Amino acid sequence: MRLDKMLANSGVGSRKDIKNMVKSGIVTVNGQIVKKSDIHINENTDKVCVNGAPVEYCEFVYLMLNKPAGYVSATEDFKYPTVIDLVPEQYRHYDLFPVGRLDIDTEGLLILTNDGAYAHNVLSPKKHVYKTYYAELDVPATEDDVNAFANGITIEGGYTCKEAELTLLDGETPSALVRICEGKFHQVKLMFKAVGKTVTYLKRIKFGEFELPDDLPLGEFTEIYIKRE
Ligand code: URA
């Protein structure tokens with residue numbers, strides 16, 4: 001890999017900054033000052049330092065976003081801002097994309113990464129990755145709904161969902177938790193619609209092994225660490 005790419009991917013600076021750093025003699029590879037930023041190095045075995053500090057090469061990055069309403073889960077959109085618009089400066093050089101999608105009005109846990117294999121893996125229906133949503137409803141859900149969700153709800157279009165866990169919550173606002181292992185378009189809203197309820201607010205709170213931290217503000221990210229298979 002080219003030295004400038006390795007340094008840019010590691011968040012050292014822009015390509016232009018890196019060229020200047022290299023020219024100024026502060027970058028070493030295996031202890032030798034290098035003067036050209038387009039040389040090829042082995043990012044896994046060569047020791048690259050800037051100002052004497054070792055640079056850790058990091059090819060893949062995984063960010064957890066507390067998605068606010070009003071943003072689409074896409075890399076580009078002609079009408080609305082996307083979750084990519086929320087990515088902090090230090091991660092902008094990675095080609096991040098959202099792992100799956102939340103509706104524009106849905107909040108909560110969304111993972112962004114540049115690791116296509118990871119995304120493919122966790123989105124595969126065969127993997128049965130569980131997602132938990134907190135839903136507010138126009139009217140309270142019932143024990144009959146709990147049974148209907150457990151038995152597999154047939155949604156608009158005729159698809160019968162896999163069994164889902166519905167937990168009724170107490171409180172002034174009718175609300176519930178829903179745990180599903182699929183990701184059909186508008187699935188949670190359509191499941192409630194099938195039992196005569198309207199979702200008035202939806203937030204994803206768990207995705208696989210990850211849980212949305214209570215203290216992660218809307219629109220903010222936290223880096224997460226994923227062991228590649
Ligand atoms: N189900 C929905 O209806 N919307 C989402 O954003 C996610 C799951």
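All values derive from a computational prediction rather than experimental measurement.

1. Examining the overall build of the protein chain
- For the protein chain, the count of helices and strands is five helices and 13 strands.
- Scaling as 2.2 N^0.38, a compact globule of 229 residues should have a C-alpha radius of gyration of about 17 Å, whereas the protein chain reaches 22 Å, well beyond that.
- Overall, the C-alpha framework of the protein chain stretches about 70 × 30 × 30 Å when taken along its three principal axes.
- For the protein chain, the proportion of contacts with a sequence separation of at least 24, taken over those separated by at least 6, is 63%.
- Of the accessible surface of the protein chain, which amounts to about 12,900 Å², a share of 48% is contributed by carbon and sulfur atoms.

2. Focus: the sheet that holds strand β1 (residues 27-29)
- In space, the four strands of this open sheet follow the order β2-β1-β3-β4, with antiparallel pairing throughout. Strands at the two margins of the open sheet, each flanked by one partner only, are β2 (32-33) and β4 (53-54).

3. Here's the deal with the packing of aromatic side chains
- By the definition in use, this model includes three aromatic pairs.
- The interplanar angle of 65° and the centroid separation of 6.2 Å between the aromatic rings of Y134 and Y201 together place this pair among those described as edge-to-face. A residue pair is termed long-range when its members are at least 10 positions apart, and Y134 in strand β8 (residues 131-137) and Y201 in strand β11 (residues 199-207) qualify at 67 residues.
- Taking relative accessible area as the criterion, Y201 reaches 24% and is therefore assigned partly exposed.

4. Let's talk about the pairing of strand β9 (residues 165-169)
- The sheet contact formed by β9 and strand β10 (residues 175-180) spans five bridges and is antiparallel. Residue pairing in the sheet places E165 in a bridge with R179 of β10.

5. Considerations on the domain arrangement of the protein chain
- In terms of domain boundaries, the protein chain breaks down into domain 1 (3-54), domain 2 (62-124 + 211-223) and domain 3 (130-207).
- Look at where the C-alpha atoms of domain 2 and domain 3 centre, and you get two points 23 Å apart.
- Both faces combined, the contact of domain 2 with domain 3 buries some 1,200 Å², and carbon together with sulfur accounts for 52% of it.
- If you sort the residues of domain 2 by the area they bury against domain 3, D103, E107 and L109 come out on top, with a joint share of 37%.

6. Brief notes about the site of the ligand
- Contacts to the ligand come from L102, D103, T106, Y133, H186, Q187, V188, K189 and L202.
- Interatomic distance of 2.8 Å between a side-chain N/O atom of T106 and an oxygen atom of the ligand.
- Q187 is positioned such that a nitrogen or oxygen atom in its backbone is 3.5 Å from an oxygen atom of the ligand.
- In the complex, the protein chains occlude 96% of the 240 Å² of accessible area that the ligand would expose alone.
- Judged by the fraction of its atoms near the pocket grid, the ligand is located in the largest pocket.
- The dominant element in the shell around the ligand, judged by the number of residues it contributes, is helix α5 (residues 187-194), at three residues.
- Taken together, the residues of the shell around the ligand sort by class into four nonpolar, three polar and two charged.
- Residue contributions to the shell around the ligand reach at least three from each of two domains, namely domain 2 (62-124 + 211-223) and domain 3 (130-207).

7. Quick notes on the layout of surface pockets
- Empty space within the largest pocket amounts to approximately 540 Å³.
- Taken together, 29 residues line the largest pocket, and the ones lying closest to its centre are R101, Y133, E182, G183 and K184.
- The residue makeup of the lining of the largest pocket, split by class, is 14 nonpolar, seven polar and eight charged.
- The two domains that each donate at least three residues to the lining of the largest pocket are domain 2 (62-124 + 211-223) and domain 3 (130-207).

8. Thoughts on the side chain of N9
- Among the secondary structure elements, N9 is positioned in helix α1 (residues 3-9).
- A distance of 3.5 Å separates polar atoms of two side chains, one belonging to N9 and the other to Y57.
- Excluding its chain neighbours within four sequence positions, the residues that come into contact with N9 are M1, Y57, C58, H93 and Y94.

9. Overview of the environment of V61
- Here V61 shows up in the loop between β4 and β5 (62-67).
- Counting along the chain gives 167 residues from V61 to R228, while the straight-line C-alpha distance between them is 11 Å.

10. Remarks on unusual backbone geometry
- Phi is positive for N30, which is not a glycine, with a value near 50°.
- The topology assignment puts N30 in the loop between β1 and β2.

Parameters and conventions
Counting from 1, residues in each chain are numbered in the order their sequence is written. Thresholds applied to this predicted model are a pLDDT of at least 70 for local features of residues and 80 or more for the giving and counting of side-chain atom pairs; totals over whole chains, interfaces and linings are not thresholded and use all residues. Think of the side-chain values as coming from all heavy atoms in the structure, minus any hydrogens and water. Secondary structure counts use DSSP, requiring at least four H or I residues in a row for a helix and at least two E residues in a row for a strand, with both numbered from the N terminus. Each radius of gyration is computed over the set of C-alpha atoms, and the globule rule expresses the reference value as 2.2 Å times the number of residues to the power 0.38. We call two residues in contact whenever any of their non-hydrogen atoms come within 4.5 Å of each other. For the accessible areas, the method is Shrake-Rupley and the probe is 1.4 Å, while residue cover comes only from the protein chains on display. Paired strands, as defined in this entry, are two strands with at least two bridges between them according to DSSP. Only Phe, Tyr and Trp rings take part, Trp by its six-membered ring, and two of them pair if their centres are within 6.5 Å. Stacked means planes under 30 degrees apart, edge-to-face means over 60, and tilted covers everything else. Note on exposure labels: buried denotes an accessible area under 20% of the residue type's maximum, exposed denotes more than 50%, and partly exposed covers the range between, all computed with a 1.4 Å probe on protein chains only. Here the bounds of each domain stem from an automatic or database domain assignment. Note: buried area is the sum, over both parts, of the accessible area (probe 1.4 Å) each one loses when the two are combined. Put simply, a residue is near a molecule or strand once any heavy atom of it comes within 4 Å of that molecule or strand. Here a polar contact means two N or O atoms within 3.5 Å. Within protein one must be a hydrogen donor candidate and the other an acceptor candidate, and residues neighboring in sequence count only if both atoms are side-chain atoms. A cavity here means a set of points on a 1 Å grid, drawn over the protein atoms and nothing else, where a 1.4 Å probe fits but cannot get out; a pocket is an open set with protein on both sides within 12 Å along at least five of seven lines, and a residue lines either one if it has an atom within 4 Å of a point. To qualify as sitting in a cavity or pocket, a molecule needs more than half of its atoms within 2 Å of the grid points. Three residue categories are used. Nonpolar comprises Ala, Val, Leu, Ile, Met, Phe, Trp, Tyr, Cys and Pro, charged comprises Asp, Glu, Lys and Arg, and polar comprises the others, including Gly. Grid points are joined across faces, edges and corners, and a volume is the space filled by probe spheres set on the points.

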